[in-house]
Amino acid sequence: MVLLTVFHRTTRPWTPRRVPLNGAPLRVLVVDDNEDAALALATYLSLLDIQARAVFGGAEAIDMAREWTPHVVLMDISMPHCDGFQAARALRQYPRTAAMAIVAHTALDEFEVRRHLTGAEFDGYFQKAQSIDELVRLVWELVE
C-alpha cells in the first residue's frame, strides 16, 4: 500500500510592504535565466491584464527595473554572473527601485533562501512549479 501525502502551501508575503498602484496598471518584471520560462510567465501575466516584461539575468533586471519601475519583481535566484540576491540588494539601494516588491521566485526551498538573506531583499517567496494561481494571488497581495 502506498500512502500519498499532499501538502497545501499557504503563500503569503514576508513583509508588510505594499506598493501603491495609484490607478496605474500593475507592472511585473519576470527575471529568470531560463528564457522560455521567463517569457511564458510574462505572457501568461499579460493575458491577465498585467503589464509584464521578462529579462534573463540579474544585471538586466537592475537595468530594466531602473528604467521601467515595475511594482513587483519575480526574481529567480540561481542565475550566473549576478544572482537574484545580488540583484535584489542592488535594487534596494537605488532610490527609484527601493520600494518595489521583490519576490524570490525560485526552485530553491524557502529555508535555503532565508539562510542567504542579509536584510529585507525579498518581500515574499514562491517556489517554482507551484500553482500559477497562487503566484498571481501573491503578486496582487503585494500591491494596493
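Refer to the structure presented above.
Nothing here was measured: the structure is a model prediction, and the numbers come from that model.

Asks: Got a minute to help me understand the environment of Q127 in this structure?
Replies: By the secondary structure assignment, Q127 is in strand 5 (residues 124–127). Sequence separation between Q127 and A37 is 90 residues, and the spatial gap between their C-alpha atoms is 14 Å. The contacts of Q127, once residues within four sequence positions are left out, are T106, A107, L108 and D109. Separated by 3.0 Å, the side chain of Q127 and the backbone oxygen of A107 make a polar contact.

Asks: Whenever I open this one, the packing of aromatic side chains confuses me. Can you help?
Replies: For any pair of aromatic rings, geometry is given as the distance between the ring centres together with the angle between the planes. According to the stated counting rule, one finds two aromatic pairs in the structure shown. Ring geometry for W14 versus Y125: centroids 6.1 Å apart, planes at 5 degrees, classification stacked. Residue W14 is found in the segment before strand 1 (27–31), and its partner Y125 is found in strand 5; the two are separated by 111 residues along the sequence. In this structure, W14 and Y125 share a single accessibility class: buried. For the ring pair F85 and F122, a centre distance of 5.9 Å and an interplane angle of 75 degrees mean the geometry is edge-to-face.

Asks: I would appreciate a short explanation of unusual backbone geometry in the present structure.
Replies: Most peptide bonds take the trans configuration, and most residues that are not glycine carry a negative phi. A positive phi angle is found at N22, which is not glycine, with a value near 50 degrees. As for its placement among the helices and strands, N22 is situated in the segment before strand 1. A positive phi is found at D49, a non-glycine position, where the angle reads about 65 degrees. Residue D49 is classed as exposed on the basis of its relative accessible area of 70%.

What counts and how
Residues numbered from 1 in each chain as written. Predicted model: local features only at pLDDT ≥ 70, side-chain atom pairs only at ≥ 80, totals over all residues. Heavy atoms only, no water. Helix = DSSP H or I, 4+ residues; strand = E, 2+ residues; numbered from the N terminus. Contact = heavy atoms within 4.5 Å. Polar contact = N/O pair within 3.5 Å; in protein donor to acceptor, adjacent residues only side chain to side chain. Phe/Tyr/Trp six-rings, centres within 6.5 Å; stacked < 30°, edge-to-face > 60°. Buried < 20%, exposed > 50% of the residue type's maximum accessible area, 1.4 Å probe, protein only.

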